[in-house]
Amino acid sequence: MAVDYLRDSFDVGLRRSCGLVQLTTASYYYQPKGREDAELASILKEKAQKHRRWGYRSIYDRIRLEGWLDNHKRVYRVYCDVGLQLSKRKKRKTAKWRGDKLPPVTGLNEVWAMDFVSDQLAGGRTVRTLNVIDLYSRECLAIEVDTSLTGGRVTRVLDRIIEERGKPFAIQTDNGPEFTGKAMDKWAYKLGIKHHFIEPGKPTQNAHIESFNSLFRIQCLNQHWFLGLEDCRELINSWKYEYNWIRCHRSIGRIPPGLFAQQERQKDGPPSAPTSNGSHSRGASALRSTNEPEIVTSKVS
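Residues numbered from 1 in each chain as written. Predicted model: local features only at pLDDT ≥ 70, side-chain atom pairs only at ≥ 80, totals over all residues. Heavy atoms only, no water.

1. Quick word on the sheet that holds strand β5 (residues 194–197)
- Strand order in the open sheet formed by five strands is β3-β2-β1-β4-β5, with mixed pairing between adjacent strands. Each edge of the open sheet is held by one strand with a lone partner, namely β3 (140–146) and β5. For this sheet, the mean angle separating the axes of adjacent strands, direction not counted, is 20 degrees.
- As judged from the four bridges shared by strand β4 (residues 170–173) and β5, these two strands associate in the parallel manner. When the bridges of β5 are listed, alanine 170 appears paired with lysine 194.
- Along the sheet, helix α11 (residues 229–245) contacts β2 (126–134) and β3; its crossing angle with β3, the most-contacted strand, is approximately 170 degrees. (Pairing = 2+ DSSP bridges. Helix = DSSP H or I, 4+ residues; strand = E, 2+ residues; numbered from the N terminus. Axes fitted to C-alpha atoms, helices over the stretch in contact; angles between N-to-C directions. Contact = heavy atoms within 4.5 Å.)

What follows is the structure, given as structure tokens:
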């Protein structure tokens, strides 16, 4: 230490050396009395095992009431030495800009909502679906099925929908990595489409797509045993056709979403008959064999 260096190098006394470094002679002669931590470590382990989600502060408050006089610094040191720290959940990276709250939708192509749903094939392989709906008509615009769906794949799906239906004013999503990545950011900026993010941990702000996902899982995913990826796509596309053109939706006047959207488009142009796109042959044939009425393309009163 500094005092010993001064004494040995410059031949000065102990008192003089301590004065130069502003240290009392009592402090120089002091020898720490080391304390045994085994007993404290034992009681900390006992409390942590009994109360698994207590942190060191809660344990410290408890043992103080039981007569322990150690301060919180020593308790924390021993607590860490025996490895009792609770793991902390890392904060999820989310989009920094969420924009203003979107106004209520009043027409087609104003706001599209998107989300992902996961399921498994018969062999155990995971598949994901990208679900896109129009908030005004409740029509399902796309259900993209694959084992992996990146941000670039999402933009390609949206480009395909835009070619068929036109460009939306806004896209509403959660803060998933596919939606917050550069691919979606660049795509929305290039096309001038507002990308609205809901707040983290508040899926009710995107309630329409969450409701659709629930219906999709109950009526489709939970009802089928997918033998492979192509079989999965075929059955899901069949259900998409049934949802858009067979099943009636209460919030739009108890008619199918596809028919409702068609009636809305008739106000601005000639009607177009629904098509199956040749992607749901098995489901469509099964539907035609039932007693369901044929799709009516004229306006319903």
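2. Section: the pattern of salt bridges
- Per the stated rule, a full pass over the model turns up 16 salt bridges.
- In this structure, the salt-bridge partner of arginine 74 is aspartate 37, at a minimum N-O distance of 2.5 Å. With arginine 74 in helix α6 (residues 72–81) and aspartate 37 in the loop between α3 (25–29) and α4 (38–50), this residue pair connects regions lying 37 residues apart in the sequence.
- Several salt bridges converge on common partners, so that one network encompasses Glu144, Asp146, Arg153, Arg160, Glu230 and Arg233. (Salt bridge = Lys/Arg side-chain N within 4 Å of Asp/Glu carboxyl O.)

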